[in-house]
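# Descriptive analysis of the structure
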Amino acid sequence: KSTLMGQVLLQMGQVQKRMLAKYEKQSAEMGKASFALAWFMDEDESERERGVTMDVGTKTIVTPHHDIVILDAPGHADFV
C-alpha cells in the first residue's frame, strides 16, 4: 500500500526527483531497493528498517478542483 501511494504521489508530480534519487540510494544500501517509493509515506526510520507501516501516514494533493488526502494505514496484524 505504501509503495502504491508513493507511485500515486510520483504520478501526480508531488515527488521531487532529488528526493526520489535519495530514497532509491538509501533503500538500495539497506537491501530494500523496491521500497524507495514507500518511503514517501513511511517516513519513520523504524518503519523503513522493518519494511512495514506502523502508523497512519497522510499526504495531501491539491488540484485545481479537488483536495485529495491520501491515508496509508498499517496492514500488518501487529499494528492493526
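Everything in this summary refers to the structure shown in the same document. For every chain, the first residue of its written sequence is number 1, and the numbers climb from 1 along that sequence. Thresholds applied to this predicted model are a pLDDT of at least 70 for local features of residues and 80 or more for the giving and counting of side-chain atom pairs; totals over whole chains, interfaces and linings are not thresholded and use all residues. Remark: hydrogens and water are excluded; side-chain values derive from all non-hydrogen atoms of the structure.

## Quick look at helix 1 (residues 2-11)
- Throughout this description, buried means an accessible area under 20% of the type-specific maximum (1.4 Å probe, protein chains only), exposed means over 50%, and partly exposed covers the range between. Numbering of helices and strands starts at the N terminus; helices are DSSP runs of H or I of at least 4 residues and strands are runs of E of at least 2. Inspection of helix 1 places Ser2, Met5, Gly6 and Leu9 among the buried residues, and these make up the whole buried set. End-on, the buried residues of helix 1 take up no more than an arc of 105°, which puts them together on one face. For helix 1, the exposed residues lying more than 90 degrees away from the buried face are Leu4 and Gln11.
- Residue contacts follow a heavy-atom distance rule, with two residues in contact if any of their heavy atoms lie within 4.5 Å. In this structure, the buried residues of helix 1 make contact with strand 1 (57-62) and strand 2 (67-72).
- Among the residues trailing helix 1, Gly13 stands out with phi positive, at a value near 75°. In this context, the arc is that of the directions from the helix axis out to the C-beta atoms.

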